[in-house]
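What follows is the residue order along each chain.
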Amino acid sequence: GGAAALVKTKQGHEICMGVNHYGHFLFNARIFPLLLASKAVTKKPARIVSVASVAHESSKGIDFEDINWVTRKRSEIGTYQDSKLANVQYMFSLGKRLKERGLDGDVTIVSLHPGFGSSELWRDLSWRHRMMIAAITETPRNLSRNEVRAAVDEGLATGTYTNPSKGFAGVEHSYGPPVIGEVTAVAKDPEQCEKLWQKTEQLVGEPFFPKP
């Protein structure tokens, strides 16, 4: 991941964090009353699935003083890694707040690394690279079982992270049935998770839980 030009969202945020984290945070916040209300109909807790990536393991931590990569030389892979770290930290941050409010029985939140699929994500690569990727990835249909388990497995408690069970040297957890996995220390660090939550509310301009 070399240096790349800074691309921003309409709101002025670095685009990778904006699309992968802020947008989902704000969407979840605005539909949260509906998630709470759904239990009266389904008789089961609602479920939020935060789709992360094994790429979160490569992030050393989010720079909260320069979260928009204004003073640093922007790295495309670095911004992606940080945004995927945010997806995992969001799970722990929201999970903590659900428990504090006594809502952990009404909504659960889990996260996952979906694996690597032979999708249009690789469309700009050379045909040689696309052939190689096709040989080491699963079809999107097969890969979807990872998201499906995260969404419907009632045995997964808040704070659970899943990933594919198989891989190969250098690319672990890239395909196969989903299993419960581990996240990095910084991904579950309470102080870092809290900083992300506070910074996110500041940048999106509204709290997740409105004040009474």
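Throughout what follows, the structure given in this document is the object of discussion. Source: prediction; values computed, not measured.

Right, let's talk about unusual backbone geometry for a bit. Look at K43: it is not a glycine, yet its phi comes out positive at around 65°. Summarising the element assignment, K43 is placed in the loop between α1 (15–42) and β1 (46–51). Located in the positive-phi region is W69, a residue other than glycine, with phi close to 55°. Its place among the elements puts W69 in the loop between β1 and α2 (76–100).

Once that is clear, we can look at the nonpolar core. If you look at the biggest cluster of nonpolar residues, it comprises 31 residues, and the most contacted ones within it are F32, I62, L94, L98, F208 and F209. Put simply, the parts of the chain that give this core at least two residues each are α1, β1, α2, β2 (107–112) and α5 (190–204).

What follows deals with the pairing of β2. Burial runs high along β2: six of the six residues are buried. Side chains V107, I109 and S111 of β2 all project onto a buried face; the interleaved residues T108, V110 and L112 project onto the opposite face, where all are buried too. The pairing of β1 with β2 spans six bridges and is parallel. Along β2, the bridge assignment pairs V49 with V110. Each parallel crossover has a hand, and the one from β1 via α2 to β2 is right-handed. In terms of strand pairing, β2 meets strand β3 (residues 161–168) through two bridges, oriented parallel.

This part takes up the packing of α1 against α2. Between α1 and α2, the least distance of the axes is 7 Å, while the angle of their chain directions is 25°. The angle between the axes of α1 and α2 places the two elements in the roughly parallel class. Crossing handedness for the pair α1 and α2: right-handed. Across the interface between the two elements, C16, M17, N20, H21, F25, N28 and F32 of α1 pack against T79, Y80, D82, S83, K84, A86, N87, Y90 and L98 of α2. Across the contact of α1 with α2, the residue classes break down as eight nonpolar, six polar and two charged.

Quick look at the packing of aromatic side chains now. Tallied over the full model, the rule gives eight aromatic pairs. Considering the side-chain rings of Y90 and W197, the 6.2 Å spacing of their centres and the 15° angle between planes classify their relative orientation as stacked. Taken together, the residues Y90 in helix α2 and W197 in helix α5 connect sequence positions 107 residues apart. Here Y90 matches W197 in class, with each residue buried. Seen from the ring of W69, R72 lies directly overhead, with NZ or CZ sitting 3.7 Å from the centre. Over the ring of F209 we find R101; its NZ or CZ atom is 4.1 Å from the centre of that ring.

Reading the values: the criteria
- Residues numbered from 1 in each chain as written.
- Predicted model: local features only at pLDDT ≥ 70, side-chain atom pairs only at ≥ 80, totals over all residues.
- Heavy atoms only, no water.
- Helix = DSSP H or I, 4+ residues; strand = E, 2+ residues; numbered from the N terminus.
- Core = buried A, V, L, I, M, F, W, Y, C linked by side-chain atoms within 4.5 Å.
- Buried < 20%, exposed > 50% of the residue type's maximum accessible area, 1.4 Å probe, protein only.
- Pairing = 2+ DSSP bridges.
- Right-handed = clockwise from strand over helix to strand, strands pointing away.
- Axes fitted to C-alpha atoms, helices over the stretch in contact; angles between N-to-C directions.
- Parallel < 35°, antiparallel > 145°, perpendicular 65-115°, else oblique.
- Left-handed = near helix turned anticlockwise from the far one by under 90°.
- Contact = heavy atoms within 4.5 Å.
- Nonpolar A, V, L, I, M, F, W, Y, C, P; charged D, E, K, R; others polar.
- Phe/Tyr/Trp six-rings, centres within 6.5 Å; stacked < 30°, edge-to-face > 60°.
- Lys NZ or Arg CZ within 6 Å of the ring centre and 35° of its normal.

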